[in-house]
Amino acid sequence: MNISVFGLGKLGLCTAACFAARGHQVVGYDANPEVIRALLAHQNPVQETGLDDLLAQAWPNLTISDNPAAAVRDTEVSLIIVPTPSQPDGRFSNHAVAAVLGIIGPVLRHQKTFHVVDVVSTVMPGSSDQVFRPLLEKLSGKTCGRDFGLVYNPEFIALGSVIHNFLNPDLVLIGASDPRSGDLMRRLYQSACHDQANIAVMSLINAEITKLSLNCFITMKISFANELAALCERIPGAEADVISQALGADSRIGAKCLKGGLGFGGPCFPRDNLAFQALARDADWEVRLAPKVVRINRSIPERLVRLLRRHLSPPGRVALLGLAYKPDTPIVEESQSLMVAQQLAQSGFAIQVHDPQALEQARDVLGDLVTYCPDPQACVKGAAAVVLLTNWPLYARLDWPTLAELAGPEPILLDCWGTLRGKDLATFRYLCLGVGTGATEDLIYAPAANL
Ligand SMILES: NC(=O)c1ccc[n+]([C@@H]2O[C@H](COP(=O)([O-])OP(=O)(O)OC[C@H]3O[C@@H](n4cnc5c(N)ncnc54)[C@H](O)[C@@H]3O)[C@@H](O)[C@H]2O)c1
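Predicted model, so just to flag it, every value in this text is computed and none were measured. (Residues numbered from 1 in each chain as written. Predicted model: local features only at pLDDT ≥ 70, side-chain atom pairs only at ≥ 80, totals over all residues. Heavy atoms only, no water.)

Engineer: So what's going on with the overall build of the protein chain? Residues and values would help.
Structural biologist: Along the protein chain, the regular secondary structure elements total 17 helices and 14 strands. Whereas a compact globule of 451 residues would reach a radius of gyration of roughly 22 Å, the protein chain reaches 24 Å, a difference of no more than 12%. Projected onto its principal axes, the C-alpha positions of the protein chain cover 80 × 50 × 40 Å. Within the protein chain, the proportion of its 451 residues that are buried is 55%. For the protein chain, restricting intrachain contacts to residue pairs at least 6 apart in sequence, the fraction spanning at least 24 positions comes to 73%. For the protein chain, the exposed surface amounts to about 19500 Å²; the carbon and sulfur share of it is 53%. Of the side chains in the protein chain, 38 bear a positive and 44 a negative charge, and the two mean positions are spaced by 4 Å. (Helix = DSSP H or I, 4+ residues; strand = E, 2+ residues; numbered from the N terminus. Rg over C-alpha atoms; globule rule 2.2 N^0.38 Å. Buried < 20%, exposed > 50% of the residue type's maximum accessible area, 1.4 Å probe, protein only. Contact = heavy atoms within 4.5 Å. Areas by Shrake-Rupley, 256 points an atom, 1.4 Å probe, with all protein chains shown as cover. Lys, Arg positive; Asp, Glu negative; His and termini not counted. Charge placed at Lys NZ, Arg CZ, Asp CG, Glu CD.)

Written out as structure tokens, the structure reads:
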């Protein structure tokens, strides 16, 4: 198929490369001339697992263009993957999507063949029918669903595993203005995805609501696990991980996203939850779960700080390992780790931080509130407490007995994910989120009596 992709950022470039590597002819356009320049020189401006290798396979079928109108003219499907930033009221801005439609619409006027306009960017429910369809019909002078198709086709991917998630989806969600467009998109995804993916084709409005609901439901699951973890911390002998693993074995519940830890962050979950709430306000309806889910999530850094303060007073030195909102990405947007850093620094602790990828991004947010360390060893040096925040595999592989020697006397190690349980932690006093103190026999290493 001939495909044009508008927006070659974190999701758009991966999408373009996936389709091109699967043999489709893809032409990509981005409004940022720096992105175009880099890609024309076959340099990859996006840091994402496996993208360099995928681009190497994709280049024979992937063209970069600085002529967006020609990109539409020469293709059957145009994918729009541009930013839709959240506004203060939680709704997403359609500004960049409308800018791209402003290019596509006039081209459709002269297009002889049926063209599908596919919005991949996350948008507010109602946008397709109330904003995009009328805009395209006005600019093209044609009828949506008869002369051209409109599709809403959001992705459910996580940064750091975008390509894997794209090629192995649980669900491909396609909202379509008409059966022909839905079928075309179904064929396109069937040709690209490894699995016999579950492809759901539905109306535009249903797809828009499904996208927000799905992410909002996941935040609810994560917050349930964290509420359970907070409860277990108050019950001697209780271990949230043991309980949530058992819960996850029930097929009505499922194991994914049911782990107590530091909660959710990043560029999708928090804002999709807020947008779901905004959708309800627009519909003059009160949703009650979604705001509580956010409140539970926001309370986790506070809970962590409280736990630490039971063992340590300011101005003790605290080493924070991991600042990205999750492993395998440099993104710190809505990262719970940064909130922990801010709250500890504001409480008077001296904070040293490390992250294998996100140090510079964190510096933009935290400024000189903390000390930035080039490696975990420098970060842990002289620390009264070490907190494992982002679950990078690198941290599990560290030589913890050596780190214990670098840290201050009788250092505390607070593990937010239970990753270091069972490891030789030498003199670290081990604490784990989601574990009641009575259960600490097997968790706490010498000198356990202090706890
Ligand atoms: N990244 C994710 O994890 C993820 C996951 C699901 C959904 N999404 C959604 O996908 C959309 C894009 O996200 P992203 O993370 O790829 O953003 P991004 O900021 O990484 O990339 C967006 C790209 O679009 C370009 N752009 C902006 N305006 C443009 C225009 N008018 N014409 C052409 N290009 C333009 C920008 O220069 C940039 O390169 C958003 O709506 C986001 O919510 C992203």
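Once the structure has been displayed, the description carries forward.
Engineer: Could you give me a rundown of the packing of aromatic side chains, with the residues and numbers involved?
Structural biologist: Enumeration over the complete set of coordinates arrives at five aromatic pairs. Between the aromatic rings of Phe19 and Phe166, the centroid separation amounts to 5.3 Å while the plane-to-plane angle is 85°, which identifies the pairing as edge-to-face. In this pair, Phe19 sits in helix H1 (residues 12-21) while Phe166 sits in helix H7 (residues 162-167), placing the two residues 147 residues apart along the sequence. Since its relative accessible area comes to 2%, Phe166 is described here as buried. Relative to Phe428, the ring of Trp400 has its centre 5.7 Å away and its plane inclined at 70°; by these criteria the two rings are edge-to-face. (Phe/Tyr/Trp six-rings, centres within 6.5 Å; stacked < 30°, edge-to-face > 60°.)

Engineer: Account for the pattern of salt bridges, naming residues and giving values.
Structural biologist: The tally for this structure, following the rule as stated, stands at 11 salt bridges. Where Arg133 meets Asp129, a salt bridge forms, and the shortest distance between an N and an O atom there is 3.0 Å. Taken together, the residues Arg133 and Asp129, both in helix H6 (residues 127-140) and four residues apart, mark about one turn of the helix. Looking at Asp129, the relative accessible area reads 32%, which means it is partly exposed. Between Lys211 and Asp272 there is a salt bridge; the shortest N-O distance is 3.4 Å. Pair noted here: Lys211 is in helix H9 (residues 204-232) and Asp272 is in helix H11 (residues 269-282), with a separation of 61 residues, a long-range link. Assigned by exposure class, Lys211 and Asp272 land together as buried. (Salt bridge = Lys/Arg side-chain N within 4 Å of Asp/Glu carboxyl O.)

Engineer: Outline the pairing of strand S6 (residues 148-152), listing residues and values.
Structural biologist: Extensive coverage of S6 is indicated by the burial of five of its five residues. Burial of the side chains of S6 extends over both faces: Phe148, Leu150 and Tyr152 are buried on one face and Gly149 and Val151 on the other. Relative to S6, strand S5 (residues 115-119) runs parallel, the two sharing five bridges. If you follow Asp118 over to S6, its bridge partner there is Val151. With H6 bridging S5 and its parallel neighbour S6, the resulting β-α-β unit is right-handed. (Pairing = 2+ DSSP bridges. Right-handed = clockwise from strand over helix to strand, strands pointing away.)

Engineer: Would you mind going over the sheet that holds strand S14 (residues 429-432) in detail, with residue names and values included?
Structural biologist: Taken together, six strands build an open sheet; the order of strands is S11-S10-S9-S12-S13-S14 and the sheet is parallel. Of all strands in the sheet, those bounded by a partner on one side alone are strand S11 (371-372) and S14. Two elements, strand S13 (residues 412-415) and S14, share four bridges in a ladder whose sense is parallel. Bridge pairing links Asp415 to Cys432 in S14. Against the sheet, helix H12 (residues 289-309) makes contact with strand S9 (317-321), strand S12 (385-388) and S13, and its axis sits at roughly 160° relative to S13, the strand it touches most. (Axes fitted to C-alpha atoms, helices over the stretch in contact; angles between N-to-C directions.)

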